[in-house]
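Spelled out, the chains give:
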Amino acid sequence: MKKVAIIGGGFAGCEAAALLSKNKIKADLFEMKPENFSPAHSSPDLCEVVCSNSFKAERISSAAGLLKAEMKTLGSLSVSCAEKTKVPAGGALAVDRVKFSSLVTEKINSDENIDVIRKEITEIPGADEYSAVIIAAGPLASDRLSESLLSVTGKDFLGFYDAAAPVVEADSIDMNFAFTQSRYQRGGDDYINCPMNKEEYENFYRELVGAQVALIHDFDRKKGVYEGCMPIEIMASRGGDTIRFGPLKPVGLRDPKTGHRPWACLQLRKENREGTMYNLVGFQTNLKFSEQRRVFSLIPALHDASFVRYGVMHRNTFLNSPKLLNANQSLKSDSRIFFAGQITGVEGYMESAASGITAAINVIRYLKNESPAVFSEKTMLGAFQRYISDSYLSDFQPMGASFGLLPKLDENIRDKKERNEKLAERSLSVLEEEKSNLDISF
């Protein structure tokens, strides 16, 4: 029997299923929606985009851009669908979240080698049912599945909290107090910028740090807030200028009404292709809904904003992967069980999808009784495989794509952009060579 169970229909699960199918391996893809929704999910579609609709930068001189280029080399389903449903976002690859998820769902449902089973899985399927299992339950694994995973991971199964940003109606943004422009003129006028002068910012800041937050119900053995998705109110509590050097940084922008850089500036990014909704970039939050409306409306351009969706905080879970997983993403205690996606400790949509690709590659090799496939540390894919299995990490935390994960070049290049481009060129060259040595269809 050569059949694989994939638990979770998110980015990692869908990528894994698609690659297995290309190699004529049948998979049962289990997705608990719509039978059971997590606190952050609302659509029955697969590969739902729950936070920002941006998959980060496209340019090859960025770590995020390099990762997507590597994934494209390996025939990524999510990158392909993202390019078909993209919306203007300067130098970033942002998508119409509804159309993106719908397209992925359509492709998975129409694949003859994939059976989508709408059912919550509460226990890991046994070897009598499946030759291999990929657990791609994501950072929002259900309580019952999470409890079951404790039986194979013990207390090394960790957790943290994550937050999502609000979305407002485009027509409710007062353009008399805003202007369109991309930071550093990268791309077109893809962002709506909402400037504040010093007095406006200080008033906004006072109300933000004093606003009421929503109650969080504890579940996890260990909890905290991941720095990469820090709620705006917690970030603001660290000091008056913290968010002015973070989500509200005005650098690279010039207000055409004043001819000067604003004191602080919120950027709004298109949420859909039609541009009828905009996301408050970097404004992940756990404020009460009424407080979000009150405080965020203090930003002049949003004084009469209509909120399509308020920001929410939800539980994220991830493994202490260096103690539990091999570099090929299999469980050290059971080589039949593989993990993929954010549950492994990679952070971000594309990082999760990439993890699904590498997990599927190794499942294919496992089923063929071949040695594990771990890509070179000179590639972003290989760097992630090594990061999540690095036994020297004493305080393991989720990680997104970063050039800091890659080994240095042999030559010393002072210019950062040129250096990153060289790193990317090296990575893609190495990946092409390693790909040719894999007896796998991409």
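What you are looking at is a predicted structure, and each value in this text was computed from that prediction instead of being measured.

A.B. asks: Explanation requested: the side chain of S389 in the structure shown.
C.D. replies: The topology assignment puts S389 in the loop between α11 (380–387) and α12 (416–436). When sequence neighbours within four positions are dropped, the list of residues in contact with S389 reads P322, L325, N326 and A327.

A.B. asks: Explain empty space enclosed by the protein to me, please; I cannot follow it from the model alone.
C.D. replies: Left-over empty space is what a probe sized like a water molecule reveals as it rolls over the atoms. One pass over the full model with this rule turns up three cavities of 30 Å³ or more. Of the volumes computed, that of the largest cavity is approximately 70 Å³. Along the walls of the largest cavity sit Q329, T344, V346, E351, A354, S355, T358, L381, F384, Q385 and I388, which together make up its complete lining. The set of elements that each furnish at least two residues to the lining of the largest cavity consists of α10 (349–367) and α11. Counting residues per element, the lining of the largest cavity draws most heavily on α10, at four residues. In terms of residue class, the lining of the largest cavity is made up of five nonpolar, five polar and one charged.

A.B. asks: What exactly am I supposed to notice about the state of the cysteines here?
C.D. replies: One covalent bond between the sulfur atoms of two cysteine residues makes up a disulfide. Counted according to the given criterion, the structure contains zero disulfides. Not part of a disulfide, C194 finds its nearest cysteine sulfur in C265, a span of 6.6 Å.

A.B. asks: Just to check I follow, could you spell out unusual backbone geometry for this structure?
C.D. replies: Of all residues except glycine, most have a negative phi; of all peptide bonds, most are trans. Of note, the bond from K33 into P34 is cis; its omega dihedral lies within 30 degrees of zero at 0°. With respect to the secondary-structure elements, P34 resides in the loop between β2 (26–31) and β3 (54–57).

A.B. asks: I keep staring at the sheet that holds strand β5 (residues 92–95) and nothing clicks. Help me out?
C.D. replies: Hydrogen bonds between backbone atoms are what pair the strands of a sheet, whose relative direction is either parallel or antiparallel. An order of β3-β5-β4 is seen for the three strands of this open sheet, with the pairing classed as antiparallel. Taken across any chain shown, the strands that pair with only one partner, and hence form the sheet edges, are β3 and β4 (86–87). Alignment of β4 against β5, held across two bridges, turns out to be antiparallel. Looking at the pairing, K86 lines up with V95 of β5. In the packing of helix α2 (residues 63–73) onto the sheet, contacts are made with β3 and β5, and the angle to β3 comes to roughly 110°.

A.B. asks: Just checking my understanding: could you explain the nonpolar core for this structure?
C.D. replies: In this structure, L20, F55, F100, I134 and I361 are the most contacted members of the largest nonpolar core, which totals 97 residues. At eleven residues, the largest contribution of residues to this core is made by α10. Leave out the neighbours within four places in its chain, and L20 touches V4, I6, I25, A27, I134, A360, V363 and I364. By size, the runner-up hydrophobic cluster in this structure holds 34 residues, among which are V168, A170, I173 and L208.

A.B. asks: How should the environment of K22 be read in this particular structure?
C.D. replies: Structurally, K22 is set in helix α1 (residues 11–22). Considering only alpha carbons, one finds K22 and D111, 89 residues apart in sequence, at a separation of 9.6 Å. Not counting residues within four places of it along the chain, the set of residues in contact with K22 comprises G75, S441 and F442.

A.B. asks: Help me understand the environment of V374, please; the structure alone is not making it clear to me.
C.D. replies: You can see V374 is positioned in the loop between α10 and α11. Residue classification places V374 among the partly exposed residues on the basis of a relative accessible area of 31%. In sequence terms V374 and Q342 are 32 residues apart; their C-alpha atoms lie 18 Å from each other. Those residues within four positions of V374 in sequence are excluded, and the remaining contacts are A327, N328, Q385 and R386.

A.B. asks: Please clarify how the sheet that holds strand β6 (residues 114–118) should be interpreted in this entry.
C.D. replies: Judged by pairing direction, the sheet is mixed, and its six strands sit side by side in the order β6-β2-β1-β7-β17-β16 without closing on themselves. Both edges of this open sheet fall to β6 and β16 (330–331), since each of them pairs with a single strand only. Relative to strand β7 (residues 132–135), strand β1 (residues 3–7) is paired through four bridges, and the arrangement is parallel. Counterpart to I7 in the pairing with β7 is I135.

A.B. asks: Honestly, the packing of α10 against α11 in this entry has me stumped. Any pointers?
C.D. replies: Helix packing for two helices is described by the angle between their axes and how far apart those axes are. For the pair α10 and α11, interaxial distance at closest approach is 10 Å and the crossing angle is 80°. One element, α10, and the other, α11, form an angle in the roughly perpendicular class. Along the contact surface, α10 presents E351, A354, T358 and N362, while α11 presents L381, F384 and Q385. Among the residues forming the contact of α10 with α11, the class breakdown is three nonpolar, three polar and one charged.

Reading the values: rules and limits
Residues numbered from 1 in each chain as written. Predicted model: local features only at pLDDT ≥ 70, side-chain atom pairs only at ≥ 80, totals over all residues. Heavy atoms only, no water. Helix = DSSP H or I, 4+ residues; strand = E, 2+ residues; numbered from the N terminus. Contact = heavy atoms within 4.5 Å. 1 Å grid on protein atoms, 1.4 Å probe; cavity = no way out; pocket = protein on both sides within 12 Å on 5 of 7 lines; lining within 4 Å. Points joined across faces, edges and corners; volume = space filled by probe spheres on them. Nonpolar A, V, L, I, M, F, W, Y, C, P; charged D, E, K, R; others polar. Disulfide = S-S within 2.5 Å. Pairing = 2+ DSSP bridges. Axes fitted to C-alpha atoms, helices over the stretch in contact; angles between N-to-C directions. Core = buried A, V, L, I, M, F, W, Y, C linked by side-chain atoms within 4.5 Å. Buried < 20%, exposed > 50% of the residue type's maximum accessible area, 1.4 Å probe, protein only. Parallel < 35°, antiparallel > 145°, perpendicular 65-115°, else oblique.

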